[in-house]
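Summary of structural features
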Amino acid sequence: MNAPALLGARLRALSGSSVAAQDAPGRSDFVDRHIGPDRAEEDAMLAELGYRSRAELVRAMLPEHILLDTPPALPAAVDEAAALAELRTLAARNECWRSFIGTGYHGTIMPEAIRRNVFENPGWYTAYTPYQAEIAQGRLEALLTFQQMVIDLTGLPIANASLLDEATAAAEAMAIARRAAKSKATRYFVERDTHPQVIAVLRTRALHLGIEIHVADADTLSADAGSCFGAHLQTPDTRGRLRDFSADIAALHETGARVTVGCDPLALLLTKSPGGMGADIAIGSAQRFGIPPGYGGPHAAFLAARADLLRTIPGRIIGVSRDAAGQPALRMALQTREQHIRREKATSNICTSQALLANLAAFYAVWHGPDGLRAIAERVHGLTRLLAHLVAGNADATGHTPPAAANAAPAPASTHWFDTLVYDGLDVASVRARAHAQRINLRYHDDESANGDGRPGGAGTGADAHAGTRRAQRLIGITLDETTTLTDVGDLAWVLTGHRVDEETLAALAAGFPLAGEEIPAGLRRHDAVLTHPVFRRHHSEAAFVRHVKRLENRDLSLVHSMIPLGSCTMKLNAAAEMAPVSWPEFAALHPFVPPAQAQGYHDMLAQLGQWLGAITGFPAVSFQPNSGAQGEYAGLLAIRRYLDSIGQQHRNVCLIPASAHGTNPASAQMMSMHIVVVGCDAQGNVDLQDLARQVERHRDRLAALMITWPSTHGVFEPGIVDACRLVHEAGGQVYMDGANLNAQVGLTAPARVGADVCHMNLHKTFCVPHGGGGPGMGPIAVAAHLAPFLPTDPLRSADRAGAVSAAANGSALITTISWMYIRMMGADGLRRATETAILSANYIARRLDPYFPVLYRGRNGLVAHECIIDLRTVKARCGVSAEDVAKRLMDYGFHAPTLSFPVADTLMIEPTESEPKDELDRFCDAMIAIHGELERIERGELGRDDNPLRGAPHTAGMLGSEWAHGYSREEAAWPLPWVREAKFWPAVARIDNAAGDRQLVCTLPLPETAVDQPVRTGRT
Ligand SMILES: Cc1ncc(COP(=O)(O)O)c(C=O)c1O
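What comes next is a walk through the structure. Computed from a prediction, not measured in an experiment: that's the story for all the values here. Residue positions are given per chain, counted from 1 along the sequence in the order it is written. Whole-chain, interface and lining totals are the exception, using all residues; otherwise, since this is a predicted model, local features are given only for residues with pLDDT of at least 70 and side-chain atom pairs are given and counted only at 80 or more. Calculated side-chain values reflect all of the structure's heavy atoms, with hydrogen atoms and water omitted.

1. What about the overall build of the protein chain?
Cut-off, in case you're wondering: Strands are runs of DSSP state E lasting at least two residues, helices are runs of H or I lasting at least four, and both sets are numbered from the N terminus onward. What the globule rule says is 2.2 Å times the number of residues to the power 0.38, and the radius of gyration is computed from C-alpha atoms. We call a residue buried when its accessible area falls under 20% of the maximum for its residue type, exposed when it is over 50%, and partly exposed in between, using a 1.4 Å probe and counting protein chains only. Note on definitions: a residue-residue contact is assigned when non-hydrogen atoms from the two residues lie within 4.5 Å.
Along the backbone of the protein chain there are 38 helices and 25 strands. Here the protein chain has a C-alpha radius of gyration of 29 Å; the compact-globule value for 1021 residues is 31 Å, and the two agree. In the protein chain, which comprises 1021 residues, the share counted as buried stands at 64%. In the protein chain, of all internal contacts separated by at least 6 residues, the share reaching a separation of at least 24 is 78%.

The following block contains the structure:
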């Protein structure tokens, strides 16, 4: 056989068909890789359930009138190479200019050791929120390191493990101040030189909490102090000014007010801390600690506070406790304090936050250490000084003033600054032209004021706004960062003055130029030591750093180990091809406030993704602004509120929420000051339609919205959904659909199909954004046409002063590329198959487990949707062990427990997703059935009620190596089934004592030699 014939034969043998068929357009094997069970496994599962096809199963479960008539209009799937190539074409339409815009976002360098070992490592990004702390000690330690870093930098004793972005962190701080202030005033003072996007979000939040935002100059504070319950001050402010607010804060405290200081973590290496000024709360963004701007996010915001505010702080706090062996162990502290768990009493709806980004920022601090960070801060400041010096016309090292600048001798508008210079009086048109020629972005303040961004100017009075506009005109801002080079400084000097300094002069000048001067005066300098914990000093060689990171990673169970069957969380595959583009500089390096023309690739990509999500949900308009599911809820309710107001229905304020709803639903409604009415559920877990009808009737005239999760959090498709929506509409209300369970709908049915008006989509569930150990998330909303005018507005560029919900117009834009890749590679057929498989797998698990652990709720034909709840409520009485013991015991089998006690106490909610192969589903079922066998042995008295593998779980290697005094063997404890031996995952600590840690809260890193029962430390002051 000649060579071409041989090749042809080989190819035919490989494919069973021709080259042409292999190359058929649209052919993609991604779908087969994303979906776990292959066709044979699928057939076996269907046979087990008694159905011939997935379609037949779905028709048995979903009534015909709910099913879509036609599939969502999506482009045909392409393979990963083609999808990446297409996205590269879009990426190329973004222009990466040098940006010196500042305004809270900065260029930064992610050390390659962090990129490779954390950012691009599924061991870090595929883990879930550390609810099962024994198998999450690594990320808990990294998050505690983040808290320690924030505590040190802000000089305040407690910090949480991240918030969504700087603007929402400021809004959370306002809510804390309101609750904690002694003052009964309803005004909140906001320093006018706070970043504009922060003011925009504060305005939105305040409006619906009955708070009046008073934007004014800090110099007027003494006059306003008595009339405000709190204040937001900012240093460095949006014009780069550094200020010491100590006296203002003391004066505000005299009136019973609480004070937040917005700050910058890099500046805090050199400048006085908010704690040092007496602030109650400090907020900011950790973005410039190694996280690319990403056209808006994701980044970790931080919040630190005085100890007396501990219980009002939103989000998660990591704390130190001990395990059953008395060893230090970490876990999320005081969880009942988490605001969304308080439901209608909540002051915040934060659930998913930015855990992965917080970990990255913490690792950045570990990598550089205090000396390295200080050196970065000093260099940035030094280059800024050099630039100011050049612009002032002192370009010549001999002191000769060049003629071009001799007359102007421009000086920055303020005297004290860190990395930002603002000039007034430069020829803006010429500066713009030169900047354009150099592909340099500066901040032109008049662009913002002209659009009524809400920057300066009191409470929106015409006079204030006018003064603000006048004041902002002709201001040009330049912010330097870690990436700035001497060449940049030379170019910037030319852009600003028109005078070019030659390279040699610049180098000579820089060589002798002092890093510090009077721009940070003695009173504003930082004097206390920061980041003194050994973790910030020990890991500076790359070898040590990588081992530190790996040691932590090894303590965490993630999707690289086994399935994580968390109901309601949709822990599906995060494919490598989906993740790749988040590292591309064309997407990662873009500042969120670059002129739109430079972000054309983003806009095209988001327009496509918006269209696809619209096709999937059935809605015509989408906003990407919300940074989590809960923020999506808030944005959706805001759209409803604004729509109702627009049609003269301001009085409608009642929000109906089923008892089974996730805590964020009532928390979001509460933040909108809605009146929450709880609707009951029937014995089958469905929303009780009769109760719904009663409540609709009772509140008919004031009904604003129903918030409903469908399929329900009970894991069933309520057939009554269409009637429920109709009832609400007939009474003049709107229907908000919580999209947490959209993974059961995609391609089969849709929120719009059943009558909803708005829904959020958790990109971090249905659309493959990884959970990152507790974030990032993304909660875009899709709305019906009548709500489209009320979608979130651009926080920087919109004239609408109360429509922004996040700091950046498109939220965490960078990670939308993941969902774009997913949908592009799946196509409509692939997505429908994924949904059907998720449902098939859930029903397969329900079928296998039901004889051992009864499935609590079922829908039509005894089927569940994409998840099932198994009932363990009788186990306690029968065997003396709890559902939690079962959850912990699963760790010994190498599994993360399903969702524990939500939405029903003492149950486990299992969601396998479509990505898990049948083998893995079977392993999980085998583990559960083996645990059932252990329960039976307890019941029969073969194992002690107090001493058994469930009560003792999880078992660590240390426990096995110590004296063994149990009534079951080491073998039973650690290797309960033969296959566990093949890849044993050892929990890092034994059962954690939550109560002990909550009694004595320690939310800082313990020193290596510190025992846990030493005195309480809530901070390093
Ligand atoms: C049903 C439901 N609604 C809302 C949320 C909140 O979403 P997020 O954590 O993204 O804010 C969750 C979170 O798991 C959920 O399960």
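2. Things to note about the packing of aromatic side chains
Our working rule: Centres within 6.5 Å are what make two rings of Phe, Tyr or Trp a pair, Trp counting through its six-membered ring; a difference in plane orientation under 30 degrees is then read as stacked, over 60 as edge-to-face, and the rest as tilted. Criterion for a charge above a ring: Arg CZ or Lys NZ at most 6 Å from the ring centre, at most 35 degrees from the ring normal.
Tallied over the entire structure, the rule returns 18 aromatic pairs. A centroid spacing of 5.5 Å and a plane angle of 85° characterise the contact between Phe895 and Phe924, whose relative ring orientation is edge-to-face. One end of the pair, Phe895, is in the loop between helix 34 (883-892) and strand 23 (899-900); the other, Phe924, is in helix 35 (residues 918-939), and 29 residues separate them in sequence. Residue class for Phe895 comes out buried when judged on its relative accessible area of 2%. On the basis of relative accessibility, which here comes to 0%, the residue Phe924 falls in the buried class. Ring geometry for Trp964 against Tyr968: centres 5.7 Å apart, planes inclined by 90°, an arrangement best described as edge-to-face. Here a set of aromatic residues connected by ring pairs shows up, and it is made of Trp124, Phe363, Trp367 and Phe545. Sitting over the ring of Tyr634, Arg205 keeps its end group 5.3 Å from the ring centre. Just above the ring of Trp975 sits the side chain of Arg981; from NZ or CZ to the centre is 4.5 Å.

3. Things to note about the packing of helix 7 (residues 112-119) against helix 23 (residues 542-553)
For the record, the criterion: Interaxial angle, 0 to 180 degrees, is taken between N-to-C directions of lines fitted to C-alpha atoms, where a helix line uses only the stretch in contact. Should an angle lie under 35 degrees it is considered roughly parallel, over 145 roughly antiparallel, and from 65 to 115 roughly perpendicular; all remaining angles are considered oblique. Here a crossing is taken to be left-handed if its near helix is turned anticlockwise relative to the far helix by less than a right angle, and right-handed if that turn runs clockwise. Classification convention: Asp, Glu, Lys, Arg as charged; Ala, Val, Leu, Ile, Met, Phe, Trp, Tyr, Cys, Pro as nonpolar; all other residues, Gly among them, as polar.
Following both chains from N to C, one finds helix 7 and helix 23 inclined at 20°, their axes separated by 11 Å at the closest point. Taken together, the axes of helix 7 and helix 23 are roughly parallel relative to one another. The element helix 7 and its partner helix 23 pack so that their crossing is right-handed. Contacts between helix 7 and helix 23 involve Ala113, Ile114, Asn117 and Val118 from the former and Glu542, Phe545, Val546, Val549 and Glu553 from the latter. Residues that form the contact of helix 7 with helix 23 fall into these classes: 6 nonpolar, 1 polar and 2 charged.

4. Regarding the side chain of His539
The cut-off we apply is this: Here a polar contact is recorded for every N or O atom pair within 3.5 Å, except that within protein the pair must consist of a potential hydrogen donor and a potential acceptor, and residues adjacent in sequence are included only if both atoms are side-chain atoms.
Inspection of the secondary structure assignment puts His539 in the loop between helix 22 (535-538) and helix 23. What makes His539 buried here is its relative accessible area of 14%. A polar side-chain atom of His539 sits 3.3 Å from a polar atom in the side chain of His548. Those residues within four positions of His539 in sequence are excluded, and the remaining contacts are Val366, Ala544, Phe545 and His548.

5. Some points on the pattern of salt bridges
Note the following rule: Think of a salt bridge as a Lys or Arg side-chain nitrogen and an Asp or Glu carboxyl oxygen that are within 4 Å of each other.
Counted under the stated rule, the structure contains 62 salt bridges. Here Arg374 and Asp371 are joined by a salt bridge, their closest N and O atoms 3.5 Å apart. Within this pair, Arg374 and its partner Asp371 are both found in helix 15 (residues 355-391), separated by 3 residues, close to a single helical turn. Assessed through its relative accessible area of 47%, Asp371 is described here as partly exposed. Ionic contacts of the salt-bridge type, sharing partners, join the residues Glu191, Asp193, Asp237, Arg239, Arg241 and Arg243 into one network.

6. Observations concerning the pairing of strand 11 (residues 420-423)
The following threshold applies: Pairs of strands are assigned from DSSP output, requiring at least two bridges between the strands.
Side-chain alternation along strand 11 places Thr420 and Val422 on one buried face and Leu421 and Tyr423 on a second face that is also buried. For strand 11 and strand 14 (residues 476-479), the ladder comprises 4 bridges, and the chain directions are antiparallel. The residue bridging Leu421 from the neighbouring strand is Ile478, located in strand 14.

7. Remarks on the pairing of strand 5 (residues 228-234)
What counts, and what does not: Consider the strands pointing away from the viewer: the crossover is right-handed when the path from the first strand over the helix to the second runs clockwise.
When you tally the buried positions in strand 5, you get 7 out of 7 residues, the bulk of the element. Sheet topology note: the strand 3 (residues 187-191)/strand 5 ladder contains 4 bridges and is parallel. When the bridges of strand 5 are listed, Phe189 appears paired with Ala231. Examined bridge by bridge, strand 5 and strand 6 (residues 258-262) share 5 bridges and lie parallel to one another. Bridge pairing in strand 6 links Ala231 to Val259. Handedness of the β-α-β unit built from strand 5, helix 13 (residues 246-254) and strand 6 comes out right-handed.

8. Some points on the site of the ligand
Counted only if it meets this: Consider each residue's heavy atoms; a residue with any of them within 4 Å of a molecule or strand counts as near. In short, Shrake-Rupley with a 1.4 Å probe defines the accessible areas, and a residue's cover is counted only from the protein chains shown.
With respect to spatial proximity, 14 residues lie near the ligand, and among them Thr352, Ser568, Gly629, Asp738 and His764 are the closest. The separation between an oxygen atom of the ligand and a polar side-chain atom of Asn762 is 3.4 Å. Considering the ligand on its own, with 390 Å² of exposed area, one finds that the protein chains cover 98% of that surface. Residue contributions to the shell around the ligand peak at 3 residues, all from helix 27 (residues 629-646). Grouping the amino acids of the shell around the ligand by side-chain chemistry returns 3 nonpolar, 8 polar and 3 charged.

9. Observations concerning the packing of helix 26 (residues 600-617) against helix 32 (residues 816-849)
Contact geometry for helix 26 and helix 32: axes closest at 10 Å, N-to-C directions at 40°. Taken together, the axes of helix 26 and helix 32 are oblique relative to one another. By crossing handedness, the relation of helix 26 to helix 32 is classed as left-handed. Taken together, the residues of helix 32 that come into contact with helix 26 (itself represented by Met605, Leu606, Gln608, Leu609, Trp612, Leu613 and Ile616) are Thr816, Thr817, Ser819, Trp820, Ile823, Arg824 and Leu831. Of the residues in the contact of helix 26 with helix 32, the class split is 9 nonpolar, 4 polar and 1 charged.

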